[in-house]
Amino acid sequence: MFHLLDIIGTMAFAMSGALTAMHKKLDPFGVFIIAFVTAVGGGTLRDVLIGRTPVGWMRDMQYVYVIILGFFLAILFRKSFDKLRTSLFLFDTIGLGVFTLIGLERGLLTGLHPAICIALGTMTACFGGVIRDILCNEIPNVFREEIYATICIFGGIVFFGLRKLNLNDDVLYLVTSLIIIAIRLMAVKYKWHLKAFDHK
Amino acid sequence: MFHLLDIIGTMAFAMSGALTAMHKKLDPFGVFIIAFVTAVGGGTLRDVLIGRTPVGWMRDMQYVYVIILGFFLAILFRKSFDKLRTSLFLFDTIGLGVFTLIGLERGLLTGLHPAICIALGTMTACFGGVIRDILCNEIPNVFREEIYATICIFGGIVFFGLRKLNLNDDVLYLVTSLIIIAIRLMAVKYKWHLKAFDHK
Amino acid sequence: MFHLLDIIGTMAFAMSGALTAMHKKLDPFGVFIIAFVTAVGGGTLRDVLIGRTPVGWMRDMQYVYVIILGFFLAILFRKSFDKLRTSLFLFDTIGLGVFTLIGLERGLLTGLHPAICIALGTMTACFGGVIRDILCNEIPNVFREEIYATICIFGGIVFFGLRKLNLNDDVLYLVTSLIIIAIRLMAVKYKWHLKAFDHK
């Protein structure tokens, strides 16, 4: 179940990357790389920083296949993207929740401090998008708009709070993911965002 | 022989990086760093992702010396660059072929799936240029113009095809590199390129 | 003593990152990430390239706390920044000297060639700022203005020169840091800078 959500999230991230790259008029190779990097960039950075190499996607071809599929779907449906916007947003939100959990878990397995685990969860969920934006020569979106990373950090704090209750691991993971997903949906619905500082 | 080609490719990449950086009006330190990163960036990223550390150029000073030489040559000949354009393009193409092979070989030695080996070959050949463009604040050229990375991917497929014929390793490497180099030359001569998607 | 200077340098780098990010109108999460990356980015890149993982800041929470403190101080004092410019510049210069030494030491511990150790020292001191500038979508400052990285390289050469005199390690570190700090102060006072090449 959790694994299925991981696959859905990966595909959604790949499609969002592909759509951004097509919008920037990149050639098919560029579109594929951006799709790939958006989908696995966060997890790759996490793996490199904790020394888990070869990094994840090199050891599990499933991710590669899913990304290739997402790439072709994005190309196929690029003109009816408006109609698919809601589904894609939902998938992307599932990815946000699941990827955060995967990063948290990986940090725990490496024996790191809870604050570092939360950083790894946020990185896994958000840095694919950061690398996508850097490659497309834009200031990363996650630093500027709607709360996105902040939800991952909050989700991480909830995770360590709930963990003290000695819940079953499956329940703990499911509940935390659902909380992250629910907050993201509300955040977009009610247009929550962080205000930039009034720097002189 | 193969090693000599590696040296030629490294120098060509360093020179191409230095010329780009001078064009962007960077100071000598910036020019040197961009030269360095263009020459070893792809291999460094590859080594980091597969966990081969300290990364290559830290263990073999020869690369450092070659890059320093390329840096000075680029400065010396910067005004007669137009006359040298053809030689530099040839060297760069040799680098493309050789670096792809080095990445493929490194992937095989790490025991990775052929598709991942091809990704590593392409990364070794192309990502130095990607990092160069990011540092110079441009959308990476490789995502936008003439087929370049696509040739590396094709070369990788040819490599695994030929490998089934049980050729001698030296022959296999030489033939694959030559195919990559030949296609690149034809691609530029006949202006082959990938078309961006007609995104609405 | 040396450790205290490391802390001061980390905080100064975090504050300089936060101020740049506020200037770019990033949201609080973006400001925090840029502060973090500016402070630890150079050391993180160094650790990844030499294979020292999990990277430094994941193993010593002290850095995280110092960066959080620097982040809040930067927010608090953002409007009186002009008055603080001199102090911040001094702290930043201390960071430059200390971070160079930490990188040099790390290279020696890994058994690398002196030239590579100097590269690691320069990377530790300067690449946090490079990553900051890339994330803010600018050509890295260090490639374009006043001599900065050049001072680190020079400091590294002095370090290996003095090391031949068999000085006590503490003395060697202190003297090299002070030389780097002194040159930086003079470089800014007398407006030393590298000239870009007169590329046609």
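All values reported here derive from a predicted model rather than from experimental measurement.

Things to note about the overall build of chain A
Consideration 1: Regarding its fold elements, chain A presents 8 helices and 0 strands.
Consideration 2: The order of helices and strands in chain A, counted from the N terminus, is α-α-α-α-α-α-α-α.
Consideration 3: Taken over the C-alpha trace, chain A has a radius of gyration of 16 Å; the compact-globule value for 200 residues is 16 Å, and the two agree within 12%.
Consideration 4: Principal axes of the C-alpha set define a box for chain A whose edges measure 50 × 45 × 35 Å.
Consideration 5: Considering chain A as a whole, with its 200 residues, one finds that 57% of them fall into the buried category.

Regarding a nonpolar patch on the surface
All names here are of chain A.
Consideration 1: Judged by side-chain polarity, Leu165, Leu167, Val171 and Val175 come together as a nonpolar surface patch covering roughly 310 Å² of accessible area.
Consideration 2: Within the secondary structure, Leu167 is located in the loop between α7 (149-163) and α8 (169-189).
Consideration 3: Since its relative accessible area comes to 34%, Leu167 is described here as partly exposed.

Brief notes about the interface of chain A and chain C
Consideration 1: Every contact between the two is made by 33 residues of chain A and, on the other side, 31 residues of chain C.
Consideration 2: Carbon and sulfur atoms make up 71% of the area that chain A and chain C hide from each other, which totals about 2800 Å².
Consideration 3: The interface formed by chain A and chain C contains 0 salt bridges.
Consideration 4: Here chain A and chain C share 2 residue pairs in polar contact (both at pLDDT 80 or more) between them.
Consideration 5: Going through the elements one at a time, α2 (28-50), α6 (114-135) and α7 of chain A are the ones with two or more residues in the side of chain A that touches chain C.

Some thoughts on the UniProt feature "domain: Glycine transporter" (unreviewed entry) in chain A
Consideration 1: Per the UniProt record, "domain: Glycine transporter" (unreviewed entry) is found at residues 4-78 and 90-163 of chain A.
Consideration 2: End C-alpha atoms of residues 4-78 of chain A are separated by 24 Å, and the span's content is 84% helix alongside 0% strand.

Considering α7 of chain A
Consideration 1: Taking 1.5 Å of rise per residue, the 15 residues of α7 of chain A would be expected to cover 21 Å, and the 21 Å separating its terminal C-alpha atoms lies within 8% of that figure.
Consideration 2: Considered for burial, the residues of α7 of chain A that qualify are Ala149, Ile151, Cys152, Gly155, Gly156, Val158, Phe159, Phe160 and Leu162 of chain A.

Re the nonpolar core
Consideration 1: Core analysis: the largest hydrophobic core is formed by 223 residues, its most contacted members being Trp57 of chain A, Trp57 of chain B together with Trp57 of chain C.
Consideration 2: Excluding its chain neighbours within four sequence positions, the residues that come into contact with Trp57 of chain B are Phe36, Val40, Thr44, Tyr63 and Val64 of chain B together with Leu49, Ile116 and Met123 of chain C.

With respect to the pattern of salt bridges
Residues and elements named next belong to chain A.
Consideration 1: Following the criterion strictly, the structure yields 15 salt bridges over all chains and no others.
Consideration 2: Residue Arg52 is joined to Asp47 by a salt bridge in which the shortest nitrogen-to-oxygen separation is 2.9 Å.
Consideration 3: Of the residues examined, Arg52 reaches a relative accessible area of 23% and is grouped as partly exposed.
Consideration 4: Through salt bridges that share partners, Arg46, Asp47 and Arg52 make up one connected network.

Re the relation of the copies chain A and chain B
Consideration 1: Once chain A has been moved 0.0 Å along the axis and rotated by 120 degrees, it coincides with chain B to within an RMSD of 0.0 Å. What we have between these two chains is a three-fold relation.

A word on the interface of chain A and chain B
Consideration 1: At the junction of the two partners, chain A supplies 31 residues and chain B supplies 33 residues.
Consideration 2: Overall, the association of chain A and chain B removes approximately 2800 Å² of surface from exposure, summing both partners, and the carbon and sulfur fraction of that is 71%.
Consideration 3: Inspection of the chain A/chain B interface yields 0 salt bridges.
Consideration 4: If you look at where chain A meets chain B, you find 2 residue pairs in polar contact (both at pLDDT 80 or more).
Consideration 5: In terms of residue count, the dominant contributor to the side of chain A that touches chain B is α2 of chain A (8 residues).
Consideration 6: A breakdown of the residues in the side of chain A that touches chain B according to their chemical character gives 20 nonpolar, 5 polar and 6 charged.

Some details on the relation of the copies chain A and chain C
Copies of the same chain, two in number, are related to each other by a rotation about an axis and a translation along it.
Consideration 1: For the pair chain A and chain C, the superposition axis carries a translation of 0.0 Å, the fit reaches an RMSD of 0.0 Å, and the rotation angle comes to 120 degrees.
Consideration 2: When the interface residues of chain A are mapped onto chain C, a mere 9% of them again fall at the interface, so the copies present different faces.

Comments concerning the environment of Trp192 of chain B
Consideration 1: Within the secondary structure, Trp192 of chain B sits in the segment after α8 (169-189).
Consideration 2: As for Trp192 of chain B and Tyr148 of chain B, which are separated by 44 residues in sequence, their C-alpha atoms are 9.9 Å apart.

Re the environment of Phe13 of chain A
Residues and elements named next belong to chain A.
Consideration 1: Positionally, Phe13 belongs in helix α1 (residues 2-23).
Consideration 2: With 163 residues separating them in the primary sequence, Phe13 and Thr176 have C-alpha atoms 20 Å apart.
Consideration 3: If we skip the residues at most four places from it in the chain, Phe13 touches Ala35, Thr38, Ala39, Asp92, Gly95, Leu96, Phe99, Ala125 and Tyr148.

Some thoughts on the packing of helix α2 (residues 28-50) of chain C against helix α6 (residues 114-135) of chain C
Residue and element names in this part refer to chain C.
Consideration 1: Remark: α2 packs on α6, axes separated minimally by 7 Å, with the N-to-C direction vectors making an angle of 130 degrees. Viewed along their axes, α2 and α6 adopt a mutual orientation that is oblique. Crossing handedness for the pair α2 and α6: right-handed. Here Ile34, Val37, Thr38, Gly41, Gly42, Gly43, Leu45, Arg46, Leu49 and Ile50 of α2 lie close against α6, whose contacting residues are Leu120, Met123, Thr124, Phe127, Gly128, Gly129, Ile131, Arg132 and Leu135.
Consideration 2: A class-by-class count of the residues in the contact of α2 with α6 yields 10 nonpolar, 7 polar and 2 charged.

Here's the deal with the UniProt feature "transmembrane region" (unreviewed entry) in chain A
Residue and element names in this part refer to chain A.
Consideration 1: Those places that UniProt annotates as "transmembrane region" (unreviewed entry) correspond, in this numbering, to residues 6-22, 29-49, 61-77, 89-106, 112-135, 147-165 and 171-190.
Consideration 2: In residues 89-106, helix accounts for 100% and strand for 0%; the two terminal C-alpha atoms are 26 Å from one another.
Consideration 3: Secondary structure content for residues 112-135 is 92% helix and 0% strand, and the end C-alpha separation is 30 Å.

Basis of the calculations
Residues numbered from 1 in each chain as written. Chains lettered and ligands numbered in written order. Predicted model: local features only at pLDDT ≥ 70, side-chain atom pairs only at ≥ 80, totals over all residues. Heavy atoms only, no water. Helix = DSSP H or I, 4+ residues; strand = E, 2+ residues; numbered from the N terminus. Rg over C-alpha atoms; globule rule 2.2 N^0.38 Å. Buried < 20%, exposed > 50% of the residue type's maximum accessible area, 1.4 Å probe, protein only. Patch = residues over 30% accessible without salt bridge, like charges linked within 9 Å, V, L, I, M, F, W, Y side chains within 5 Å. Areas by Shrake-Rupley, 256 points an atom, 1.4 Å probe, with all protein chains shown as cover. Salt bridge = Lys/Arg side-chain N within 4 Å of Asp/Glu carboxyl O. Contact = heavy atoms within 4.5 Å. Buried area = accessible area lost by both parts, 1.4 Å probe. Polar contact = N/O pair within 3.5 Å; in protein donor to acceptor, adjacent residues only side chain to side chain. UniProt positions renumbered as here; feature names shortened; annotations may be inferred. Expected span 1.5 Å × (residues − 1). Core = buried A, V, L, I, M, F, W, Y, C linked by side-chain atoms within 4.5 Å. Least-squares fit on C-alpha atoms with pLDDT ≥ 70 in both. Nonpolar A, V, L, I, M, F, W, Y, C, P; charged D, E, K, R; others polar. Axes fitted to C-alpha atoms, helices over the stretch in contact; angles between N-to-C directions. Parallel < 35°, antiparallel > 145°, perpendicular 65-115°, else oblique. Left-handed = near helix turned anticlockwise from the far one by under 90°.

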